[in-house]
Amino acid sequence: CLLWGSAFPAIKLGYQWFDISAEATGTQILFAGYRFTLAGILTVIIGSILAGKVLVPKKKSLKKIAILSIFQTSLHYFCFYVGLAHTTGVKGSIVNAVNVFFSILVSCIIFRLERLNSQKLLGCMIGFAGVVIVNLSGAMDMSFNLLGDGFLLISAFAYALSTVLIKIYGKDENPVMLSGYQFFAGGLVMIIIGLIIGGRISSVTVQGILLLLYMGFISAGAYTLWGILLKYNPVSRIAVFGFFTPIFGVILSALILKEGTSFDGKTLAALILVCIGTVIVNYEKSVKG
């Protein structure tokens, strides 16, 4: 989550250094495509080193990789970038955090991998309250628009579905291999979409390329860890930690981009609530005897 949180300021720096304007949706999608294609290559390299052999998907794995690439990368990030371009950053962070609820609901209700109970719902609501608090500002309003907030909800649901699918597919497959190749496939799709709708990157610098490498590592490292965690733990136990991502994003944006105060009362309150929510979801009574 700390890695994912660092993506918030990294993306903003990337837009500055590659001279990508806020209105250039095609170029933003193209930029994301480069990032995830690179992430796929890095993930396969990391996974191959960890496994002691080159990770090559079997024929039966290709369908799973294709499905994951649609939901985890292509649909998720396409809707995310379009949605974010048509709403405020504050609302974007809050609406995007709904993916934690979606992940647990999809796991419990649709795939029935675990039971939905009041403990999980209470923990999620407290954690979500933390995300709302850290994003409270004058820019927040209760309006709703399909192209902005609606696309962000679709993005959150696509991510939630991919989280559960990684859990299911990870029983028989190497989750690192799945993530690596789906990133690569999804990234190529985003590059094609970005080019089709007019995306072009004209300004390239050494610092920009180094930043792009780091952004590829963010996804490679974070999703590698996330996939391994989902393989061995219930979805609800891991998904609730996702509330930490926007908190880290706020803190790191303040430190790196000098946006506001890095650690004020709101941030502290948000961290406390997210920690409490995470503990509630993961709490288990010890059984003696």
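As a reminder, the structure under discussion sits directly above these lines.
Residues numbered from 1 in each chain as written. Predicted model: local features only at pLDDT ≥ 70, side-chain atom pairs only at ≥ 80, totals over all residues. Heavy atoms only, no water.

Chemist: Which residues make up the overall build of the protein, and what values do they have?
Modeler: What the protein contains, in helices and strands, is twelve helices and zero strands. Its C-alpha atoms give the protein a radius of gyration of 19 Å, within 12% of the compact-globule value 19 Å for 289 residues. Expressed as a percentage of its 289 residues, the buried residues of the protein come to 52%. Across the protein, every contact between residues at least 6 apart in sequence was considered, and the portion connecting residues at least 24 apart equals 87%. Carbon and sulfur atoms make up 70% of the accessible area of the protein, which amounts to about 13500 Å² in all. Of note, the protein has its 21 positive side-chain charges centred 14 Å away from the centre of its 10 negative side-chain charges. (Helix = DSSP H or I, 4+ residues; strand = E, 2+ residues; numbered from the N terminus. Rg over C-alpha atoms; globule rule 2.2 N^0.38 Å. Buried < 20%, exposed > 50% of the residue type's maximum accessible area, 1.4 Å probe, protein only. Contact = heavy atoms within 4.5 Å. Areas by Shrake-Rupley, 256 points an atom, 1.4 Å probe, with all protein chains shown as cover. Lys, Arg positive; Asp, Glu negative; His and termini not counted. Charge placed at Lys NZ, Arg CZ, Asp CG, Glu CD.)

Chemist: Tell me about unusual backbone geometry, residues and numbers included.
Modeler: Residue D19 is not a glycine yet carries a positive backbone phi of 55°. The topology assignment puts D19 in the loop between α1 (2-17) and α2 (25-51). A positive phi is found at R112, a non-glycine position, where the angle reads about 55°. As for its position among the elements, R112 is in the loop between α5 (99-110) and α6 (118-134).

Chemist: An account of the nonpolar core is needed here, citing residue identities and associated values.
Modeler: With 63 residues, the main nonpolar core has W4, F31, Y77, Y81, F243 and I247 as its most contacted residues. Here this core gets eight residues from one element, more than from any other, and that element is helix α9 (residues 206-232). The contacts of F31, once residues within four sequence positions are left out, are G14, Y15, F18, I20, I201, L212 and M215. (Core = buried A, V, L, I, M, F, W, Y, C linked by side-chain atoms within 4.5 Å.)

Chemist: Tell me what's going on with the pattern of salt bridges, and back it up with residues and numbers.
Modeler: Counted according to the given criterion, the structure contains two salt bridges. One salt bridge connects K64 with E173, and the closest N-O pair in it is separated by 3.3 Å. Residue K64 is located in helix α3 (residues 62-85), and its partner E173 is located in the loop between α7 (146-169) and α8 (175-196); the two are separated by 109 residues in the primary sequence. E173 carries the same exposure label as K64, and that label is buried. We note a salt bridge from E114 to K120, for which the minimum N-O separation is 2.8 Å. (Salt bridge = Lys/Arg side-chain N within 4 Å of Asp/Glu carboxyl O.)

Chemist: An account of a nonpolar patch on the surface is needed here, citing residue identities and associated values.
Modeler: Among the surface-exposed residues, L105, I109, I110, F111, L113, L116, L121, L122, M125 and F157 lie close enough to one another that they form a single nonpolar patch of about 820 Å² accessible area. Counting only elements with at least two residues in the nonpolar patch, the list comes to α5 and α6. (Patch = residues over 30% accessible without salt bridge, like charges linked within 9 Å, V, L, I, M, F, W, Y side chains within 5 Å.)

Chemist: Tell me about the side chain of T224, and name the residues and values.
Modeler: Examined against the element boundaries, T224 turns out to sit in helix α9. Once residues lying within four places of it in the same chain are set aside, the contact partners of T224 are T43, V176 and S219.

Chemist: Now, about the packing of aromatic side chains: what can you tell me, with residues and values included?
Modeler: Counted according to the given criterion, the structure contains 15 aromatic pairs. Ring plane angle 80° and centroid distance 5.7 Å describe the contact between F102 and F157, whose orientation is recorded as edge-to-face. On the criterion of sequence distance, the pair formed by F102 in helix α5 and F157 in helix α7 is long-range, its members being 55 residues apart. Using a relative accessible area of 35% as the deciding quantity, one classes F157 as partly exposed. Ring plane angle 40° and centroid distance 6.5 Å describe the contact between Y214 and F217, whose orientation is recorded as tilted. In this pair, Y214 and F217 both sit in helix α9, three residues apart, roughly one turn of the helix. (Phe/Tyr/Trp six-rings, centres within 6.5 Å; stacked < 30°, edge-to-face > 60°.)

Chemist: Talk me through the packing of α6 against helix α12 (residues 265-282); I want residue IDs and the actual numbers.
Modeler: To characterise two packed helices, one gives the angle between the axes of the helices and the distance between these axes. Direction vectors running N to C along α6 and α12 enclose 165°, while the axes themselves pass 7 Å from each other. As the angle between them shows, α6 and α12 are arranged roughly antiparallel. For α6 against α12, the interelement crossing comes out left-handed. On α12, the residues that touch Q119, K120, L122, G123, C124, I126, G127, A129, G130, I133 and V134 of α6 are K266, T267, A269, A270, L273, V274, I276, G277, I280 and V281. Its residues placed into classes, the contact of α6 with α12 shows 13 nonpolar, six polar and two charged. (Axes fitted to C-alpha atoms, helices over the stretch in contact; angles between N-to-C directions. Parallel < 35°, antiparallel > 145°, perpendicular 65-115°, else oblique. Left-handed = near helix turned anticlockwise from the far one by under 90°. Nonpolar A, V, L, I, M, F, W, Y, C, P; charged D, E, K, R; others polar.)

Chemist: Give me the lowdown on α5, citing residues and values where you can.
Modeler: Within α5, burial applies to N99, V100, F101, S103, I104, V106, S107 and C108. Within two residues after α5, R112 carries a phi angle of roughly 55°, on the positive side.

Chemist: Could you give me a rundown of the packing of α2 against α3, with the residues and numbers involved?
Modeler: Contact geometry of α2 with α3 gives a least axis separation of 10 Å together with a crossing angle of 145°. α2 and α3 meet at a crossing whose hand is right-handed. Counted together, T25, Q28, I29, A32, R35 and F36 of α2 and T73, Y77, F78, Y81, V82 and A85 of α3 form the full contact between these two elements. Class assignment of the residues belonging to the contact of α2 with α3 gives a composition of eight nonpolar, three polar and one charged.

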